[in-house]
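# A closer look at the structure
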Amino acid sequence: MSEAHIRAFVRESEEGITELNNSLLALESDPDDPEAMDAIFRTAHTLKGNAAAMGFGDFSGLAHAMEDLLDEVRGGDMAVSGALMDRLFEAVDLLDAMLGEIDESGDTIIDPTGVEDDLRVLAEEGAEALETDGAEAASDGDDAGSDADDESSDGDAVA
């Protein structure tokens, strides 16, 4: 892949990330704004496709998870909630960090698995699943001490 292709991808993706942030802010202030929701969905779809075409699979996978989650909201299967917005903003921040690495080195080593998994859980099980997981993790951390929090933050499940 040529340097010119990477530069074009970065420039277009930077615009997409700005659009995502602006549209997410609009949706956060008016959860019933169909134009903001459509803009977010379209932008995530474009980022996903462009990243896949460029061979940035992790970037594309994260954008795809966002797109799938947004499709649930657009279809009326899920309401806009604080948990939803938090995860979407987190995903956009991660996409932005990944894009920064791509801009600097031509690739990214950031692993988006944890955020991507959270988006997929939201899409499949709803916001309550993450809120329950968060409450359980908080109580587990209180019982086991701060070392357990450090060990579980890498995404490994604690049985």
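Everything that follows concerns the structure shown earlier in this document.
Below, the structure is looked at part by part. These numbers were taken from a predicted model, which means no experiment stands behind them. (Residues numbered from 1 in each chain as written. Predicted model: local features only at pLDDT ≥ 70, side-chain atom pairs only at ≥ 80, totals over all residues. Heavy atoms only, no water.)

## Quick look at the overall build of the protein
Secondary structure summary: the protein contains 7 helices and 0 strands in total. Ordered by position from the N terminus, the helices and strands of the protein form the series α-α-α-α-α-α-α. Across the 159 residues in the protein, those meeting the buried criterion constitute 37%. Summed over its atoms, the accessible surface of the protein is roughly 8,700 Å², and 45% of this surface lies on carbon and sulfur atoms. (Helix = DSSP H or I, 4+ residues; strand = E, 2+ residues; numbered from the N terminus. Buried < 20%, exposed > 50% of the residue type's maximum accessible area, 1.4 Å probe, protein only. Areas by Shrake-Rupley, 256 points an atom, 1.4 Å probe, with all protein chains shown as cover.)

## Considerations on the pattern of salt bridges
Counted according to the given criterion, the structure contains 8 salt bridges. Arg-74 is the partner of Asp-38 in a salt bridge, and the nearest nitrogen-oxygen pair spans 3.4 Å. Note that Asp-38 is positioned in helix α2 (residues 34-54) and Arg-74 in helix α3 (residues 57-74), a separation of 36 residues in sequence. For Arg-74, a relative accessible area of 39% gives the class partly exposed. Between Asp-118 and Arg-87 there is a salt bridge, with the nearest N and O atoms lying 3.1 Å from each other. You can see Asp-118 sitting in helix α5 (residues 113-125) and its partner Arg-87 sitting in helix α4 (residues 82-105), a full 31 residues away along the chain. (Salt bridge = Lys/Arg side-chain N within 4 Å of Asp/Glu carboxyl O.)

## Some thoughts on α3
In this model, α3 (18 residues) spans 25 Å end to end at C-alpha, consistent with the 26 Å of a helix rising 1.5 Å per residue. For α3, the complete set of buried residues consists of Phe-59, Ser-60, Gly-61, Leu-62, Ala-63, Ala-65, Met-66, Glu-67, Leu-69, Leu-70 and Val-73. Against the buried residues of α3 lie α1 (3-29), α2, α4 and α5. Gly-76 sits one or two residues past α3 and shows a positive phi near 85°. (Expected span 1.5 Å × (residues − 1). Contact = heavy atoms within 4.5 Å.)

## Remarks on the packing of α1 against α2
Two elements in contact, α1 and α2, have axes whose closest approach is 9 Å; the angle formed by their N-to-C orientations is 160°. Here α2 runs roughly antiparallel to α1, going by the angle between their axes. Considering only the axes of α1 and α2, their crossing is left-handed. (Axes fitted to C-alpha atoms, helices over the stretch in contact; angles between N-to-C directions. Parallel < 35°, antiparallel > 145°, perpendicular 65-115°, else oblique. Left-handed = near helix turned anticlockwise from the far one by under 90°.)

## Re the packing of α3 against α5
Orientation of α3 relative to α5, taken along the N-to-C sense of each, is 20°, at an axis distance of 9 Å. The orientation of α3 relative to α5 falls into the category roughly parallel. Our pair here, α3 against α5, has a crossing hand that is left-handed. Of the residues in α5, those touching α3 at Asp-58, Gly-61, Leu-62, His-64, Ala-65, Met-66, Asp-68, Leu-69 and Glu-72 are Val-115, Glu-116, Leu-119, Arg-120, Leu-122 and Ala-123.

## Here's the deal with the side chain of Glu-67
Secondary-structure assignment places Glu-67 in helix α3. Owing to a relative accessible area of 6%, Glu-67 belongs among the buried residues under this scheme. Among the polar contacts listed, one links the side chain of Glu-67 to the side chain of Lys-48, at a separation of 2.8 Å. In this view, Glu-67 contacts Phe-41, Ala-44, His-45 and Lys-48; residues no more than four positions away in its chain are not counted. (Polar contact = N/O pair within 3.5 Å; in protein donor to acceptor, adjacent residues only side chain to side chain.)

## Observations regarding a negative patch on the surface
Taken together, the side chains of Glu-12, Glu-14, Glu-15, Asp-93 and Asp-96 make up a negatively charged region of the molecular surface. Of all the secondary-structure elements, those providing two or more residues to the negative patch are α1 and α4. In terms of residues, the negative patch owes the most to one element, α1, which gives 3 residues. Residue position: Asp-96 is located in helix α4. Among the residues examined, Asp-96 registers a relative accessible area of 42% and is labelled partly exposed. (Patch = residues over 30% accessible without salt bridge, like charges linked within 9 Å, V, L, I, M, F, W, Y side chains within 5 Å. Lys, Arg positive; Asp, Glu negative; His and termini not counted. Charge placed at Lys NZ, Arg CZ, Asp CG, Glu CD.)

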